[in-house]
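Coordinates in review
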Amino acid sequence: MKTRIAHTSLALTRAVSAAFTLAAGLLCNSHEAQAEVRFLPYASARYEHYDNLFALPDGVTPPLATTPDQGRDDNILTYTGGLNIDAGLGRQRFTLRSYGSRAEFDEYEQLDHDEYGADLNWNWRLASAFDGILGYGRAQRMVSFADALSTQLLVENQEQANASFNANVTPTWRIESRVTRTDLESPRPGAAGLDSTETLKGLGLRYQGLGKLSLALEGTQTDGDVSGLLLSPDQEYTQTTGQLSGDFRASPQSTLNANIGYTKRDNDGPLADQDAVTGMIRYSRTLSVKTSFSVRADRLMNSYLIANEVLTTIDTGVGLTVNWQPTLKLGLGLNVTYRESEFPDQPAFGSTADREDEYWVSTFDINFQALRWLLVHPYARYETRESNDPFYPFDNTVAGIEFRVGLQPAQ
């Protein structure tokens, strides 16, 4: 789901806290009591230029402009400090990813704001039969202008808790289960109290007795609830998916992952139910020590949150990622993605035809490890969205450079 919100579940928070308390007990009693902890603090400064900051259609002037010099472009300086921790003790492993940042705008100073994020995960294992993940994350960030159709500063807060439990029933059969709850408070113009929550539950059976090929059959159910909508009551929906997936590792340098399934969304209220064939295929290959690439195609059913309602989208996308590291200090990366979004039973403005979008994003990154403690990261991104709804087309070019110091490894 592109945007989801809600208030934190107290019961879920207590469950996660209890789980991490149990983790401490397991660590204390581990037979493999050799601890390994890595602290990776870092700080960075990023300066970037947007030529269409508010993702506006051609010919539209930002309403926030107060002088002739203020147009669609702006420069942003972002300061960030963070700490990453990797800790292992025996079969247990903990990871923490955290950061805080301040964004300052040259022209539109009223958009200055703070952001932060933290994710804590426990990858646990009991003997060789049971394993899983317990995680919790929280983030505060600015709502994308491309999604909000607004030029005012909107800040959203998200919390997510997830858990998985897997059991190796036999050497070839494995049961996999997972639960994820996502709560997000993401305001929109006229709907300052927009709240939504999604709870996903999944259960699957995997067969690992085919050598390099692993097959799994999984079913998931997602329950969604949105409140605070503009001029409409709360909205609820249930989305179910059944799929068959496969992972094939042809060699240490080549992997293929794919799934095919069927997804159905049942909406409470006047909105029409939707269904679609969904799936994904991804191929990754390492060509040499210096070069690797991956290609991906998928078809998914997602949600798109606006002030009035939650729209159902059927997204079909393709992507290409290429990484090349000519020297130990220099790495180059290219990523190109295309996504076509259909909005069933949601007419475009001024038309009887359903809204359809086409969205391209191309990103080029350079990572130069100038010194052991200094990473220099220039980058450029071009994005364009075409739509039969006149409010949504835009194109935007971003160019920036980041200087990162500390023990954070290059990404």
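An account of the accompanying structure is given in this report. What you are looking at is a predicted structure, and each value in this text was computed from that prediction instead of being measured. (Residues numbered from 1 in each chain as written. Predicted model: local features only at pLDDT ≥ 70, side-chain atom pairs only at ≥ 80, totals over all residues. Heavy atoms only, no water.)

It is worth spelling out the overall build of the protein at this point. When you go through the protein residue by residue, the secondary structure sums to two helices and 18 strands. In terms of overall dimensions, the protein has C-alpha extents of about 70 × 55 × 45 Å along its principal axes. For the protein, with 411 residues in total, the buried portion stands at 40%. Taking the intrachain contacts of the protein between residues at least 6 apart in sequence as the baseline, contacts between residues at least 24 apart amount to 56%. Of the roughly 21100 Å² of accessible surface on the protein, 59% is carried by carbon and sulfur atoms. Both charge centroids of the protein, one from 35 positive and one from 52 negative side chains, sit 12 Å from each other. (Helix = DSSP H or I, 4+ residues; strand = E, 2+ residues; numbered from the N terminus. Buried < 20%, exposed > 50% of the residue type's maximum accessible area, 1.4 Å probe, protein only. Contact = heavy atoms within 4.5 Å. Areas by Shrake-Rupley, 256 points an atom, 1.4 Å probe, with all protein chains shown as cover. Lys, Arg positive; Asp, Glu negative; His and termini not counted. Charge placed at Lys NZ, Arg CZ, Asp CG, Glu CD.)

This brings us to the packing of aromatic side chains. In this description, a pair of aromatic rings is defined by centroid distance and the angle of the planes. Under the defined criterion, the tally for this structure stands at 12 aromatic pairs. Plain terms: the ring middles of Phe349 and Phe391 are 5.0 Å apart, the flat faces sit at 65° to each other, and that makes the pair edge-to-face. With Phe349 in the loop between strand S15 (330-347) and strand S16 (354-371) and Phe391 in the loop between strand S17 (374-387) and strand S18 (394-406), this pair connects stretches of sequence that are 42 residues apart. Given a relative accessible area of 54%, Phe349 falls into the exposed group. (Phe/Tyr/Trp six-rings, centres within 6.5 Å; stacked < 30°, edge-to-face > 60°.)

Turning to unusual backbone geometry, a few remarks are in order. Backbone geometry places Ala127, a non-glycine residue, at a positive phi of 50°. Topologically, Ala127 is positioned in the loop between strand S4 (113-126) and strand S5 (130-142).

With that settled, the discussion passes to the pattern of salt bridges. Inspection of every chain in the model, using the stated rule, returns 21 salt bridges. Between Glu159 and Arg138 there is a salt bridge; the shortest N-O distance is 2.7 Å. Here Glu159 is found in strand S6 (residues 155-168), whereas its partner Arg138 is found in strand S5, with 21 residues between them in sequence. Notably, a salt bridge pairs Arg174 with Glu176, separated by 3.0 Å at the nearest N-O pair. Counted as one network, the salt bridges with shared partners bring together Asp131, Arg174, Glu176, Arg206 and Asp247. (Salt bridge = Lys/Arg side-chain N within 4 Å of Asp/Glu carboxyl O.)

Take the pairing of strand S14 (residues 310-324) next. Pairing of strand S13 (residues 291-305) with S14 involves 15 bridges; the strand directions are antiparallel. Bridging from a neighbouring strand, Asn302 pairs with Thr313 of S14. A loop of four residues connects S13 with S14, the two strands running antiparallel in sequence. Two elements, S14 and S15, share 11 bridges in a ladder whose sense is antiparallel. Paired with Gly319 across the strands is Thr337, a residue of S15. In this antiparallel pair of consecutive strands, S14 and S15, the connection spans five residues. (Pairing = 2+ DSSP bridges.)

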